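This is what each chain is made of:
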Amino acid sequence: MSEDFYIVVIAVLLPLTAGMLVAQRNPYHALVIRGIVGAVAELVFDLFGAADVALSEALVGMLLSFSLYAFAV
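This write-up is about the structure you can find in this document. (Residues numbered from 1 in each chain as written. Predicted model: local features only at pLDDT ≥ 70, side-chain atom pairs only at ≥ 80, totals over all residues. Heavy atoms only, no water.)

## Some remarks on the overall build of the protein chain
(1) Moving on: Within the protein chain, the secondary structure is distributed over 3 helices and 0 strands.
(2) Moving on: N-terminal to C-terminal, the α/β element order of the protein chain is α-α-α.
(3) Moving on: Dimensions along the principal axes, computed over C-alpha positions, put the protein chain at roughly 40 × 25 × 15 Å.
(4) Moving on: When contacts within the protein chain are restricted to residue pairs at least 6 apart in sequence, long-range pairs at least 24 apart make up 49% of them.
(5) Moving on: Taken as a whole, the protein chain presents about 5,200 Å² of accessible surface, with 74% of it coming from carbon and sulfur. (Helix = DSSP H or I, 4+ residues; strand = E, 2+ residues; numbered from the N terminus. Contact = heavy atoms within 4.5 Å. Areas by Shrake-Rupley, 256 points an atom, 1.4 Å probe, with all protein chains shown as cover.)

## A few points about the environment of Gly-38
(1) Moving on: By the element assignment, Gly-38 lies in helix α2 (residues 27-47).
(2) Moving on: Taking the C-alpha atoms as reference points, Gly-38 and Gly-61, separated by 23 residues in sequence, lie 6.4 Å from one another.
(3) Moving on: Setting aside chain neighbours within four positions, we find Gly-38 in contact with Glu-57 and Met-62.

## Some details on the side chain of Glu-57
(1) Moving on: For Glu-57, the location among the structural elements is in helix α3 (residues 51-72).
(2) Moving on: Buried within the structure, Glu-57 lacks any salt-bridge partner; its nearest side chain of opposite charge belongs to Arg-34, at an N-O separation of 4.2 Å.
(3) Moving on: With near-sequence residues (within four places) excluded, Glu-57 lies in contact with Arg-34, Gly-38, Ala-41, Glu-42, Phe-45 and Met-62. (Buried < 20%, exposed > 50% of the residue type's maximum accessible area, 1.4 Å probe, protein only. Lys, Arg positive; Asp, Glu negative; His and termini not counted. Salt bridge = Lys/Arg side-chain N within 4 Å of Asp/Glu carboxyl O.)

Have a look at this one:
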């Protein structure tokens, strides 16, 4: 029962953080929220058994894009 609860909570966090990212006006806050979206997406991929996709999201999606956005902002 508790394992299903964690899956539901993490699956609900992804659209919630994505909505926060779209609604954000401050680019620095959007940068931090983008990192959170990447981490939540990595958790979702890992929970559903796609460890290879979770690893590529962690390396490319979260770290590389977060670094590039930080450099651009």
